[in-house]
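Chain by chain, the residues run as shown.
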Amino acid sequence: MSDGDESETGTDTDEEQPAGEPADPATFAERLTDAEAEIEAAETEDDLDDCEELLDGIEADLEAAVFPEQEADAEGEEEADEEEEDPKAEFNDRISDLRGQVDDQRGPYVEDITDVLEDAESTITSSEWASEGKGEVVEAVSTFFSAASDTLAGSFDLDGETPADVAMELATVTEEIGGTALDPDDDAGTIADLLSAAETLTDELEAATLWSDLEIREQLRRQGFYDVLDPEVTKDFPPELSAINVYETRGEPEPLLSALEKFDSDFMEENILDALEHLAPVEAYEPVHGLAQRRNKQPVRILGRIGDERACDTIEDFLGGGDVELEKTSLRALGAIGSEESTEAVAQRLLADSAEIRSVAARALGMIGDTRAIEPLGDVLAEEDADTVRASAAWALNRIGTERALETAAAYTDDRSYLVQVEAQKAEGV
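Given the structure is predicted, the values throughout are model-derived calculations rather than measurements.

Remarks on the packing of helix α7 (residues 110–126) against helix α10 (residues 188–207)
Phase 1 of the analysis: Two elements in contact, α7 and α10, have axes separated by 9 Å at closest approach and are oriented at 20 degrees. Taken together, the axes of α7 and α10 are roughly parallel relative to one another. When you trace α7 past α10, the crossing you get is left-handed. For the pair α7 and α10, the contacting residues are V110, D112, I113, V116, L117, A120 and I124 in the first and I191, L194, L195, A198, E199, L201, T202 and L205 in the second.
Phase 2 of the analysis: Across the contact of α7 with α10, the residue classes break down as 12 nonpolar, one polar and two charged.

As structure tokens, this is what we get:
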């Protein structure tokens, strides 16, 4: 602090700057220089509190100050940018920097230790550790307990043998440390030692082996993915392909889904999806649905085979998008799922520009079996130019199978198209 100069503490600025008189930037620059010296000399929390008050006073005076307006230069050039010329901006930046210096010199506090330990506990409980990583976690917490015991002259003994157990014990120790009456001035060394030990714990946890740190084949090996292989008869390469074939033959989808999650290979994904398309297990819905959202046709086909109505909204979004093959696949999938909630969306595609799409849409309506489709399918038979589409509509009416549907199809036994005649004769019972 300065020796009795009240103007430098911000308590008597009115004497230096009477109302209406411009402030002197040099005065603020000098006050900030003095404040910086006091911050550097501060040794206790009380000293830093005083420095905060000093900066508050300077900031208040600066807010009220009015600095001289900048005149145009002697050659008559335009005034410089006001934002660049205003000394307040520079002084406010210096005050902000000085406040940062005060914060940097504070502490550490007990709360800093507990914050680090709580983060460590969260890391332990939320991470998937490899088998060796579990041991490394236990060892890291044990090391911290020993350091904390030495620092606090206490006794923190670790009993747990799993990450879950030691996380619970760490939470208890964290609470005990948080309850200690350590003063940031008087016990600065003790707090610093505990904080250092806590940060070492964090470093050791970061170095511990996560399940994701293992190579994919090592993960699968530890999960027993390759246990189904007989080294004497395995022919396919890579060995994952042999394992996929075995699990498909056995009808076991879980190992396939585990491999699908881990492999970052288009080749392996394709082979796993081939197996899942054959098995169509309900367990595959979530991962396959995620792949289908990328507008991939094979996952859409698999969703159709799984038959889960939750997929309908996603698949309906693929109708009318301009990709004929994707739309045909989507219509077939909706037909396979058979939800009457999709009837309207599918019926709309009877008006598509592509005859292929119109034909597949008609058959999808037949697979859904909703009697509301009888009228639009009858309209197709009466008005459609493409006989392949008309034949699909007749087939769909046979598939719906109600009396009205069959009567509608049977009216075309003498149709110009042989394919339509065949379906009409089926409807008539010939």
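The structure having been displayed, the exposition proceeds.
Examining the nonpolar core
Phase 1 of the analysis: Ranked by internal contacts, the top residues of the largest apolar core, which has 68 residues, are F225, I272, L276, I315, L331, V346 and L377.
Phase 2 of the analysis: Those residues in contact with L377 that sit more than four places away from it in its chain are A362, L365, A393, A396, L397 and I400.
Phase 3 of the analysis: Counting residues in hydrophobic clusters, the runner-up holds 29 residues, among them I124, F145, L182 and A197.

With respect to unusual backbone geometry
Phase 1 of the analysis: The phi angle at A280 is positive, at roughly 50 degrees, despite the residue not being glycine.
Phase 2 of the analysis: Look at R295: it is not a glycine, yet its phi comes out positive at around 70 degrees.
Phase 3 of the analysis: You can call R295 partly exposed: its relative accessible area is 39%.

Here we look at the pattern of salt bridges
Phase 1 of the analysis: This structure, assessed with the given rule, holds 20 salt bridges.
Phase 2 of the analysis: Between R310 and D308 there is a salt bridge whose closest N-O contact spans 2.8 Å.

What about the layout of surface pockets?
Phase 1 of the analysis: Quantified by volume, the second largest pocket comes out at close to 180 Å³.
Phase 2 of the analysis: Forming the boundary of the second largest pocket are A347, Q348, L350, L351, P376, D379, V380, E383 and E384.
Phase 3 of the analysis: Those elements that place two or more of their residues in the lining of the second largest pocket are α19 (343–348) and α21 (374–383).
Phase 4 of the analysis: In terms of residues, the lining of the second largest pocket owes the most to one element, α21, which gives four residues.
Phase 5 of the analysis: Looking at the lining of the second largest pocket residue by residue, the classes come out as five nonpolar, one polar and three charged.

Rules of the game
- Residues numbered from 1 in each chain as written.
- Predicted model: local features only at pLDDT ≥ 70, side-chain atom pairs only at ≥ 80, totals over all residues.
- Heavy atoms only, no water.
- Axes fitted to C-alpha atoms, helices over the stretch in contact; angles between N-to-C directions.
- Helix = DSSP H or I, 4+ residues; strand = E, 2+ residues; numbered from the N terminus.
- Parallel < 35°, antiparallel > 145°, perpendicular 65-115°, else oblique.
- Left-handed = near helix turned anticlockwise from the far one by under 90°.
- Contact = heavy atoms within 4.5 Å.
- Nonpolar A, V, L, I, M, F, W, Y, C, P; charged D, E, K, R; others polar.
- Core = buried A, V, L, I, M, F, W, Y, C linked by side-chain atoms within 4.5 Å.
- Buried < 20%, exposed > 50% of the residue type's maximum accessible area, 1.4 Å probe, protein only.
- Salt bridge = Lys/Arg side-chain N within 4 Å of Asp/Glu carboxyl O.
- 1 Å grid on protein atoms, 1.4 Å probe; cavity = no way out; pocket = protein on both sides within 12 Å on 5 of 7 lines; lining within 4 Å.
- Points joined across faces, edges and corners; volume = space filled by probe spheres on them.

Functional significance is not addressed by these values, which are geometric in nature.
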